[in-house]
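# Structural features, examined
Given next are the chains, with one letter for each unit.
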Amino acid sequence: MASAETTRSKFPAGELDSHARADSSIYADGTYLKTNPSWHEEDSPWKAGQVMKMLRKHKLQPSSIGEIGCGAGGVLSELITKLPSTSAVGYEVSPQAYEICSKKAAGRLEFRLRDLFETDDYYDLMLAMDVFEHVEDYIGFLRKLKRHGRSHLFHIPLDINVLTVLRATPIKAVREDLGHLHYFTKDTALRTLQTAGYTIRDWFYGPGMLEGPPRKRIRARIAYWPRKIALSLHPDLAVRTLGGCTLLVLCE
């Protein structure tokens, strides 16, 4: 077995400590903000559209929505304009994210710099948009979250596909730049929710690479048409091989 010193010597000075430390402190100490200054707000209109698609499909009209890890607050801000009879509360534990989202509070929309799990708050619909892949004890997190909503809607990145496994660098990037601690396929994501005690009511793929904000990276632009054609022919196979999609899951 290699010694700790031997293992450490394979990395440039400081890289192992800084890049291996993907814990909750990065969301409070400014590390995450430095890497993601917009807190992904540019994706909010598209994500809110995916939520509305699911709500309309099942004729759901929640009177109250809560969102854990609401980030920049853009998803709730978009939803509240489309749901005139709904009130919404976003929860954040990051001071930097709260500084961004709190500016959007108005009328039926509120943001709180607080851990949801320290409250008894309960909502008709609880959102977790790109959240539990960041949490070390993600099963425990999901079990606690279940107590705070009648229905739950999860938006989950699908980081594992043939391309990411072959290239390896995308997985490294989502860990170092985005703080993902866990990586999912459609099947492992659904099984995770079931293990945590949820009943899955419906799910669909979100083709963010095709419908979301334009991607600047040349590889993403090159892959646009192969992904679009493959998704039209065989969605499951396309996502397993080429990626480019997330998963939206409605649970009870």
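Cut-offs used in this document
The numbering scheme is per chain: residues are counted from 1 as the chain's sequence reads. pLDDT decides what is reported in this predicted model: residues at 70 or higher carry local features, side-chain atom pairs at 80 or more are listed and counted, and totals for whole chains, interfaces and linings draw on all residues regardless. Note: side-chain values were computed over all heavy atoms of the structure, leaving out hydrogens and water. The way it works is that DSSP assigns letters per residue, a run of H or I at least four long becomes a helix, a run of E at least two long becomes a strand, and they are numbered from the N terminus. Throughout this description, buried means an accessible area under 20% of the type-specific maximum (1.4 Å probe, protein chains only), exposed means over 50%, and partly exposed covers the range between. Any two residues having at least one pair of non-hydrogen atoms within 4.5 Å are treated as being in contact. Note on areas: Shrake-Rupley, 1.4 Å probe, and residue coverage restricted to the protein chains presented here. Salt bridges are counted wherever a side-chain nitrogen of Lys or Arg sits within 4 Å of a carboxyl oxygen of Asp or Glu. Each C-beta atom gives one direction from the helix axis, and the arc is the one those directions make. Definition used in this section: a nonpolar core is a set of buried Ala, Val, Leu, Ile, Met, Phe, Trp, Tyr and Cys residues joined via side-chain atoms within 4.5 Å. Two strands qualify as a pair provided DSSP detects at least 2 bridges between them. Where helices are involved, their axes are fitted lines through C-alpha atoms of the stretch in contact, as for all axes, and angles between N-to-C directions lie from 0 to 180°. Pairs were defined over the aromatic rings of Phe, Tyr and Trp, the Trp ring being its six-membered one, requiring ring centres within 6.5 Å. Orientation was assigned from the angle between planes: stacked under 30 degrees, edge-to-face over 60, tilted for the rest. Counting as a charge over the ring demands two things of the Lys NZ or Arg CZ atom: a distance within 6 Å of the ring centre and an angle within 35 degrees of the ring normal. Here, the term right-handed applies to a crossover whose path from the first strand over the helix to the second runs clockwise when the strands point away from the viewer.

This part covers the overall build of the protein chain. Across its full length, the protein chain holds 14 helices and seven strands. Buried residues in the protein chain amount to 46% of all 252 residues. At a minimum sequence separation of 6, the contacts of the protein chain that also span at least 24 residues come to 71%. Carbon and sulfur atoms provide 55% of the accessible area of the protein chain, an area that totals close to 13,300 Å².

Mapped onto the secondary structure, D124 falls in strand β4 (residues 123-129). Judged by relative accessible area, which is 18%, D124 ranks as buried. Dropping the residues within four chain positions of it, D124 is found in contact with P62, S63, S64, R150 and S151.

The next point concerns the pattern of salt bridges. Applying the stated criterion to the full structure yields ten salt bridges. With its nearest N and O atoms 2.8 Å apart, the salt bridge here joins E110 to R112. Assessed through its relative accessible area of 34%, E110 is described here as partly exposed. On the basis of relative accessibility, which here comes to 27%, the residue R112 falls in the partly exposed class. A salt bridge links R201 to E252; the nearest nitrogen and oxygen atoms lie 3.2 Å apart. In this pair, R201 is assigned in strand β6 (residues 200-206) and E252 in the segment after β7 (246-251), connecting sequence segments 51 residues apart. In this structure E252 comes out as partly exposed when scored by relative accessible area, which is 39%.

With that settled, consider helix α9 (residues 169-176). For an α-helix the count is 3.6 residues per turn, leaving residues at separations of three or four pointing the same way. Buried within α9 we find P170, I171 and V174. Viewed end-on, α9 has its buried residues packed into an arc of 100°, placing them on one side of the element. Buried residues belonging to α9 abut α8 (162-167).

In terms of nonpolar packing, the biggest core is built from 30 residues, with L145, F154, I156 and L193 touching the most fellow members. Elements represented by at least two residues in this core include exactly β2 (87-92), β4, α7 (138-145), β5 (149-157), α10 (186-195), α13 (224-233), α14 (235-242) and β7. Core analysis: the second largest hydrophobic core is formed by 23 residues, V75, L83, L109 and L127 among them.

This brings us to the sheet that holds β5. Read from one edge to the other, the open sheet built from seven strands follows the order β3-β2-β1-β4-β5-β7-β6, with strand pairing classed as mixed. Each having just a single partner strand, β3 (109-113) and β6 make up the two edges of the open sheet. Across the sheet, the mean angle from the axis of one strand to that of its neighbour is 15°, orientation sign disregarded. Alignment of strand β1 (residues 64-68) against β2, held across five bridges, turns out to be parallel. Across the sheet, the residue bridging to I65 is A88, located in β2. Against the sheet, α10 engages β5, β6 and β7, with an angle of about 25° to β7.

The next thing to look at is the packing of aromatic side chains. Tallying each qualifying case throughout the model produces nine aromatic pairs. Seen in terms of ring centroids, F132 and F154 are 5.9 Å apart; in terms of plane orientation they differ by 80°. Their pairing is edge-to-face. Pair noted here: F132 is in the loop between β4 and α7 and F154 is in strand β5, with a separation of 22 residues, a long-range link. F132 gets classed as buried once you look at its relative accessible area, which sits at 1%. Residue F154 is classed as buried on the basis of its relative accessible area of 0%. Three or more aromatic residues link up through ring pairs in this structure, and these residues are F132, Y138, F154, F184 and Y198. If you follow K53 out to its NZ or CZ, it ends over the ring of F204, 4.5 Å from the centre.

In terms of burial, β1 is largely enclosed, as five of its five residues are buried. Side chains of β1 alternate between two faces, with S64, G66 and I68 and I65 and E67 buried alike. Once the chain exits β1 it traverses helix α5 (residues 74-82) before rejoining the sheet at β2, and the crossover so formed is right-handed. Here β1 runs beside β4; their pairing, made up of three bridges, is parallel. Residue pairing across strands places I65 opposite L125, the latter belonging to β4.

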